[in-house]
Amino acid sequence: MPFTCSDCGKGFTHSSKLQGHQQVHTGERPFTCSDCGKGFTHSTQLLTHQLVHTGERPFTCSDCGKGFTRSFHLLRHQRVQSGEKPFTCLDCGKGFTQSSHLLAHQLVHTLDTPFTCSECGKGFTQSSSLVKHYRIHTGERPFTCSSCGKAFTQSAHLLTHQLVHTGERPFTCSECGKRFTRSSQLKEHQRVHTGEKPFCCSECGKEFTQSSSLMKHYRTHTGEKPFTCSDCGKEFRWSSDLKVHRRIHTGEKPNTCSDCGKEFTLSFDLKVHQRIHTGEKPFTCSDCGKKFTRSSDLKVHQRIHTGERPFICSECGKRFTRSCHLREHQRLHTGERPFTCSDCGKRFTRSCMLQRHQRIHTGERPYTCSNCGKGFTQSSQLKKHQQVHTG
């Protein structure tokens, strides 16, 4: 290795590679994106980044048609499809799709963590840390606020929470005067002024102001899902996702529309719903100008122009633009009829067919002729009837 970095001692076979490496130490980013101004140390990184703006995904999976901006992303995806796990732990034989996942896993064997969680296998150096961690799985919150009844897993969290009731904020920012209940909150806040992001992901280089944000981000690389629903066993990467998921079981819908009173489990769903009242349609098709309330609806619509049908029936090869259409179609092969009439027991493959059928029992005729007032159970019947008036 004839070319050596004077800062860290790393060796290189070519001077150009050493020159590129030294930008890590200097912070120089000479290649700048003309669309967003983001800087890069290598021209190849800039070229890959620009695909974000163009939407181009040159690397396509031959099995499912999914596109990727990088070849190694496609390779990683294909391992998920094939089940291949080429990176194996020599200590326990566990296999992984990525070398980074193996490296993260090997810490289990190299670190001295004699106290292990029986639920998820996570190790700890102290028994007290294991006791605190185990409350994630049990849901136990032994420390309760005497003022409002809110419960906490740790006594320190309760002490900090009680400052909410006293109004005390003992930690003040010298830059802007903002006050905080915790010294850690002040420390994190001060990074807004300094721009410091001390927590860096070893996988992708993304930087964070908080260690907790890095820890959460790292799960996107390892695939770890430490939060488990006690009702159905579904696993989640983040506790917030588990909290939202549990509303399926509890029926809780805390987000209410101020216009019509309709309730939603997610604040995002409420935001989308409110566009019905405001008429806002922020997503526009570049081909025909049609507008949509959701980006997902626009994405599906654009398949009309591109002809893309990414959902394929494994039985007969028929292709569909939507996954729900594929699911409905597959019932022709399986014979499944999951929607049952509570009045007569007749079963249907679609909920809309059941809804239409139930009008036989209820007598409901929601489609009314504006000329003579006659009612119909189906819009197609109304359309046919209106020909009587038009001739």
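Residues numbered from 1 in each chain as written. Predicted model: local features only at pLDDT ≥ 70, side-chain atom pairs only at ≥ 80, totals over all residues. Heavy atoms only, no water.

Just give me the short version of the overall build of the chain, but keep the residues and values in it.
If you tally the helices and strands in the chain, you get 15 helices and 28 strands. Against the compact-globule benchmark of 21 Å for 391 residues, the chain has a radius of gyration of 29 Å, which places it well outside the compact range. Overall, the chain is about 90 × 65 × 50 Å in size when its C-alpha atoms are taken along their principal axes. For the chain, buried positions account for 23% of its 391 residues. (Helix = DSSP H or I, 4+ residues; strand = E, 2+ residues; numbered from the N terminus. Rg over C-alpha atoms; globule rule 2.2 N^0.38 Å. Buried < 20%, exposed > 50% of the residue type's maximum accessible area, 1.4 Å probe, protein only.)

Which residues make up the pattern of salt bridges, and what are the values?
Counting across every chain of the model gives eight salt bridges. Asp231 serves as the salt-bridge partner of Arg246, at 2.6 Å between the closest nitrogen and oxygen. Of this pair, Arg246 sits in helix α9 (residues 239-250) while Asp231 sits in the loop between β17 (227-228) and β18 (235-236), and the two are 15 residues apart along the sequence. A salt bridge links Glu252 to Arg247, with the shortest nitrogen-to-oxygen separation between them at 3.9 Å. Residue classification places Glu252 among the partly exposed residues on the basis of a relative accessible area of 42%. The buried category is assigned to Arg247, whose relative accessible area is 14%. (Salt bridge = Lys/Arg side-chain N within 4 Å of Asp/Glu carboxyl O.)

Run through the confidence of the model for the chain, naming residues and quoting values.
Looking at the chain as a whole, its pLDDT mean stands at 84, while 97% of the residues score no less than 70. By mean pLDDT, helix α4 (residues 99-110) is the weakest element of the chain at 71, and strand β22 (residues 291-292) is the strongest at 91. (pLDDT = per-residue confidence, 0-100.)

Break down the side chain of Arg359 for me, with residues and values.
Tracing the backbone shows Arg359 in helix α13 (residues 351-362). For the buried Arg359, no salt bridge is present, and the opposite-charge side chain at shortest range is Glu364, 4.0 Å distant. A distance of 2.6 Å separates a polar atom in the side chain of Arg359 from the backbone oxygen of Thr377. Excluding anything up to four places from it in sequence, Arg359 contacts Glu364, Pro366, Tyr367 and Thr377. (Lys, Arg positive; Asp, Glu negative; His and termini not counted. Polar contact = N/O pair within 3.5 Å; in protein donor to acceptor, adjacent residues only side chain to side chain. Contact = heavy atoms within 4.5 Å.)

Which residues make up the environment of Leu163, and what are the values?
Tracing the chain through its elements places Leu163 in helix α6 (residues 155-166). In contact with Leu163, not counting residues within four places along its chain, are Glu168 and Thr181.

Pulling in residues and values, what's your account of helix α10 (residues 267-278)?
With 12 residues, α10 should reach 16 Å at 1.5 Å per residue; the first-to-last C-alpha distance of 17 Å fits that figure. By the burial criterion, the buried members of α10 are Leu270, Val272, His273 and Arg275. Gly279, located one to two residues past α10, shows a positive phi value of around 80°. (Expected span 1.5 Å × (residues − 1).)

I'd like a description of the environment of Arg79, backed by residues and values.
Checked against the element boundaries, Arg79 lands in helix α3 (residues 71-82). Taking the relative accessible area as the measure of exposure, Arg79 reaches 16% and is therefore buried. As a C-alpha pair, Arg79 and Gln98 span 19 residues in sequence and 9.0 Å in three-dimensional space. Apart from the residues lying within four places of it in its own chain, the contact partners of Arg79 are Glu84, Pro86, Phe87 and Thr97.

Mind laying out helix α12 (residues 323-334), listing which residues take part and the relevant values?
For α12, built from 12 residues, the straight-helix expectation of 16 Å at 1.5 Å per residue is met to within 8% by its first-to-last C-alpha distance of 16 Å. Residues of α12 that are buried include every one of Leu326, His329 and Arg331, and no others. Against the buried residues of α12 lie β23 (311-312), β24 (319-320) and β25 (339-340). Looking one or two residues beyond α12, the residue adopting positive phi is Gly335, at roughly 80°.

Tell me about a positive patch on the surface, and name the residues and values.
On the surface, Arg29, Lys38, Lys197 and Lys206 cluster together into a positively charged patch. Examined against the element boundaries, Lys197 turns out to sit in the loop between α7 (183-194) and β15 (199-200). Given a relative accessible area of 45%, Lys197 falls into the partly exposed group. (Patch = residues over 30% accessible without salt bridge, like charges linked within 9 Å, V, L, I, M, F, W, Y side chains within 5 Å. Areas by Shrake-Rupley, 256 points an atom, 1.4 Å probe, with all protein chains shown as cover. Charge placed at Lys NZ, Arg CZ, Asp CG, Glu CD.)

Mind laying out the state of the cysteines, listing which residues take part and the relevant values?
Disulfide: a covalent bond formed between the sulfur atoms of two cysteine residues. This structure, assessed with the given rule, holds zero disulfides. Its sulfur unpaired, Cys232 is 3.7 Å from the next cysteine sulfur, which belongs to Cys229. (Disulfide = S-S within 2.5 Å.)

Please give an account of the side chain of Thr377 that cites residues and values.
Inspection of the secondary structure puts Thr377 in the loop between β28 (375-376) and α14 (379-385). Judged by its relative accessible area of 16%, Thr377 falls in the buried class. A polar side-chain atom of Thr377 sits 3.0 Å from a polar atom in the side chain of Gln381. Excluding residues that lie within four positions of it along the chain, Thr377 makes contacts with Arg359, Glu364, Arg365, Pro366 and Tyr367.

Would you mind going over the environment of Gln190 in detail, with residue names and values included?
Along the chain, the position of Gln190 falls in helix α7. For the pair formed by Gln190 and Cys176, sequence separation is 14 residues and the distance between their alpha carbons is 9.4 Å.

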